[in-house]
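What the coordinates show
Letter by letter, the chains look like this.
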Amino acid sequence: MTAAIHRGRTPVVLDLETAIATIRPGAVVGIGGAVTAGHPMALVRALARSGVRDLTVVAPTAGLDVDVLVAAGCVRTVVSSYVGAEGAAPLGPAFRAAAEAGEIEVRDVDEAHCILGLRAAAQGLPFLPWLGGVGTALPELNPELVEFEDPISGRRLLAVPALRLDVALVFAEAADAYGNVQFVGTGHADPLMASAAKRVIVQVERVVENEEIRRSPGATRFWPDATVVRAPWGTHPYSSAVITADEEHLRGYARVAAKAARGERAELDAYLERYVAGPQSHEDYLEAIGIRRIAELLI
Amino acid sequence: MPDYTTDELFAVLLARDLHPEDRMIQVGANMPMARAAAVMANMTRLPDARVCVGLAIDNLADGRDAPPVYPFVFDSRGLRRGEAYMYQQWVFDDMSRPDVFFVGGLQVDRRGNVNLLGIPGEDGGWQLRGPGAVALPTMSTYCRGYYIVMPRHAPRTFVEEVACITALGDVRRRAEFGFPGGGPRLVLSPLGVFDFDEDGDMRVRSLHEGVTAEQAQEATGFDLRIDGDVPVTPSPTEEELLLLRERVDRGGLLRNG
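Residues numbered from 1 in each chain as written. Chains lettered and ligands numbered in written order. Predicted model: local features only at pLDDT ≥ 70, side-chain atom pairs only at ≥ 80, totals over all residues. Heavy atoms only, no water.

1. Looking at the sheet that holds strand E7 (residues 156-161) of chain A
Where strands meet in a sheet, backbone hydrogen bonds hold them as pairs that are either parallel or antiparallel. All names here are of chain A. Strand order in this open sheet of three strands is E5-E7-E6, and the pairing throughout is antiparallel. Each end of this open sheet is capped by a strand with a single partner; those strands are strand E5 (127-130) and strand E6 (146-149). With strand direction ignored, the average angle separating the axes of adjacent strands in the sheet is 40°. Bridging between E5 and E7 involves four bridges; their strand directions are antiparallel. What sits directly across from Pro129, in E7, is Ala159. Along the sheet, helix H5 (residues 111-122) contacts E5 and E7; its crossing angle with E5, the most-contacted strand, is approximately 145°. (Pairing = 2+ DSSP bridges. Helix = DSSP H or I, 4+ residues; strand = E, 2+ residues; numbered from the N terminus. Axes fitted to C-alpha atoms, helices over the stretch in contact; angles between N-to-C directions. Contact = heavy atoms within 4.5 Å.)

This is the structure in structure tokens:
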């Protein structure tokens, strides 16, 4: 054993494409954020662009991030309590069409089931019990939710199975080069999702100095197998602490995705080419959106 | 024609009905009339309540301004307001506290069950895919009470039995399972206000101005319990509309759709 002071802690920052290239077909992928806020869209778009297939996507309350992955043909199974963008698209059009046609498997869960399933995975448990969902159609629609008799009270409960993730894709405001992650705002269920995953890829607005992290250690979360990817304004078209959601963009996507569901796919394909498959990097994507638009969305 | 919209009427009726013991009022996504109701009640009748709209939890007593209305409830600008945040990963850890919330649905049935999941197809897919469970199963199980807001009243939305129970309202089955929550309080529709009798069947509580009992029955896919002369829903007062429009719904979301 050497007693010399070590110099050179190992950085965990990777570029977008390299980080995403590790995700294999059939992987179970958690996607962070909630409805129209905080989705790691640079990671999601790179995932769609990689052409990976047969993913199982886990998202407690998804926006159209999951819808885009379905439209791009990457998804076999969706585990979520919601896929949509409120008034702009009460239900994701590609998700809806694929679910109605039986082209994807939908494992319907309550929002709390998704949280509990992630927690069970994080705690190494096979399941956690829950009362919400007993007496509903959920155990019938999703056979993974199993009703059982509580050995203490004799009441009926629901066993919510662990949602073990191969990889969690989450968004945070900042991280240092060593994977010390700081969220601004609530972080939704992202930290829990990361704990439920074998590997974590964190998309951040800023990669900051370790000294900046040390100014507020109470805000830090870390996962020893995390990779950090820098992608400024990378939640677009969803909100972060620096930009609002791009309602016009979301409505535009919802319109062409709904058209595709009626059999006219040309405009959806053009959208995917322009914003997902075409841009070869996050910077290319920002150019496609345009600096004027980004400036309008800055908070 | 009344000089208010159905959404404005919903907001006023909900604000009037929220109970004095409702201390934590949760508003979900895409329910602007519920947001307005919670804010109005908090400003006037229920100063000690807390209102959770989207990501922030606020209190609007003592003349505080209503939080701005954004296109989406999870707008991050909402984080600049409020006394506390709603953390999705912890919000279900304290299920003894959320008192009341609001449910929309594709279908509601005679027993007060709500369907937001959709209508399954015969071969595994969906004939009609709905938005999903969101948090309806959990919130309807635990909350002190909840309101069902139906934007359309027709035989296909007010049905004998919903296709997929998402929120279990049936008072008997709730008792069987030992649910802690109080179940559905009211159903609001463009035609009237409905509650449930001792046995748990839906009944007419009042009908909105100009709506007859026959019209309500005709628009309902099951035998609606109608007891004697049905009262007319008391219209929003000028004061209520003024508060709603000038303090709560300044952008006119409920007025203009």
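2. As for the packing of helix H2 (residues 41-49) of chain A against helix H10 (residues 266-277) of chain A
All names here are of chain A. Orientation of H2 relative to H10, taken along the N-to-C sense of each, is 115°, at an axis distance of 10 Å. Between H2, through Arg45, Ala48 and Arg49, and H10, the contact on the second element is made entirely by Tyr275, Val276 and Ala277. Across the contact of H2 with H10, the residue classes tally to four nonpolar, no polar and two charged. (Nonpolar A, V, L, I, M, F, W, Y, C, P; charged D, E, K, R; others polar.)

3. Digging into the interface of chain A and chain B
The interface is formed by 56 residues belonging to chain A together with 47 residues belonging to chain B. Measuring nitrogen to oxygen at the nearest pair gives 2.8 Å for the salt bridge that ties Asp93(B) to Arg119(A). Summed over the shared surface of chain A and chain B, the result is 19 residue pairs in polar contact (both at pLDDT 80 or more). If you list the elements that add at least two residues to the side of chain A that touches chain B, you get helix H4 (93-100), strand E4 (105-108), H5, helix H6 (138-141), helix H7 (190-195) and helix H9 (247-261) of chain A. When grouped by side-chain class, the residues that make up the side of chain A that touches chain B number 29 nonpolar, 16 polar and eleven charged. (Salt bridge = Lys/Arg side-chain N within 4 Å of Asp/Glu carboxyl O. Polar contact = N/O pair within 3.5 Å; in protein donor to acceptor, adjacent residues only side chain to side chain.)

4. Thoughts on the pairing of strand E2 (residues 55-59) of chain A
All names here are of chain A. For E2, a buried count of five out of five residues is recorded, marking the element as mostly surrounded by other parts of the structure. The two faces of E2 match: Leu55, Val57 and Ala59 on one face and Thr56 and Val58 on the other face are all buried. Bridging between strand E1 (residues 28-31) and E2 involves three bridges; their strand directions are parallel. Across the sheet, the residue bridging to Val29 is Val57, located in E2. (Buried < 20%, exposed > 50% of the residue type's maximum accessible area, 1.4 Å probe, protein only.)

5. What about empty space enclosed by the protein?
Residues and elements named next belong to chain A. Enumeration over the complete set of coordinates arrives at five cavities of 30 Å³ or more. Taken as a whole, the largest cavity holds about 170 Å³ of empty space. Along the wall of the largest cavity there are 18 residues; nearest its centre are Gly38, Phe171, Val184, His188 and Ser240. Looking at the lining of the largest cavity, the element that brings in the most residues is strand E8 (residues 165-176), giving three residues. Here the lining of the largest cavity is composed, by residue class, of eight nonpolar, eight polar and two charged. Approximately 90 Å³ is the volume attributed to the second largest cavity. Around the second largest cavity, the lining comprises 13 residues; the ones closest to its centre are Met41, Val68, Pro237, His249 and Tyr271. Of all the elements in the fold, those that place two or more residues in the lining of the second largest cavity are H2, H9 and H10. (1 Å grid on protein atoms, 1.4 Å probe; cavity = no way out; pocket = protein on both sides within 12 Å on 5 of 7 lines; lining within 4 Å. Points joined across faces, edges and corners; volume = space filled by probe spheres on them.)

6. Considering helix H1 (residues 6-17) of chain B
Residue and element names in this part refer to chain B. For H1, which comprises twelve residues, the first-to-last C-alpha distance of 16 Å matches the rise-based estimate of 16 Å (1.5 Å per residue) to within 8%. Burial of H1 is extensive: nine of the twelve residues sit out of reach of the surface. When we look at burial in H1, the residues that qualify are Glu8, Leu9, Phe10, Ala11, Val12, Leu13, Leu14, Ala15 and Asp17. (Expected span 1.5 Å × (residues − 1).)

7. Section: the domain arrangement of chain A
Interface extent is often summarised as the accessible area lost during association of the parts. Residues and elements named next belong to chain A. Domain annotation of chain A identifies domain 1 (16-126 + 163-297) and domain 2 (127-161). One C-alpha centre belongs to domain 1, the other to domain 2; they are set 29 Å apart. Here domain 1 meets domain 2 over a buried area of about 1,100 Å², counting both sides, of which 67% is carbon and sulfur. Taken together, domain 1 and domain 2 are joined by one salt bridge. One salt bridge in this structure joins Glu144 and Arg107, with 3.5 Å as the shortest N-O distance. (Domains from an automatic or database assignment. Buried area = accessible area lost by both parts, 1.4 Å probe.)

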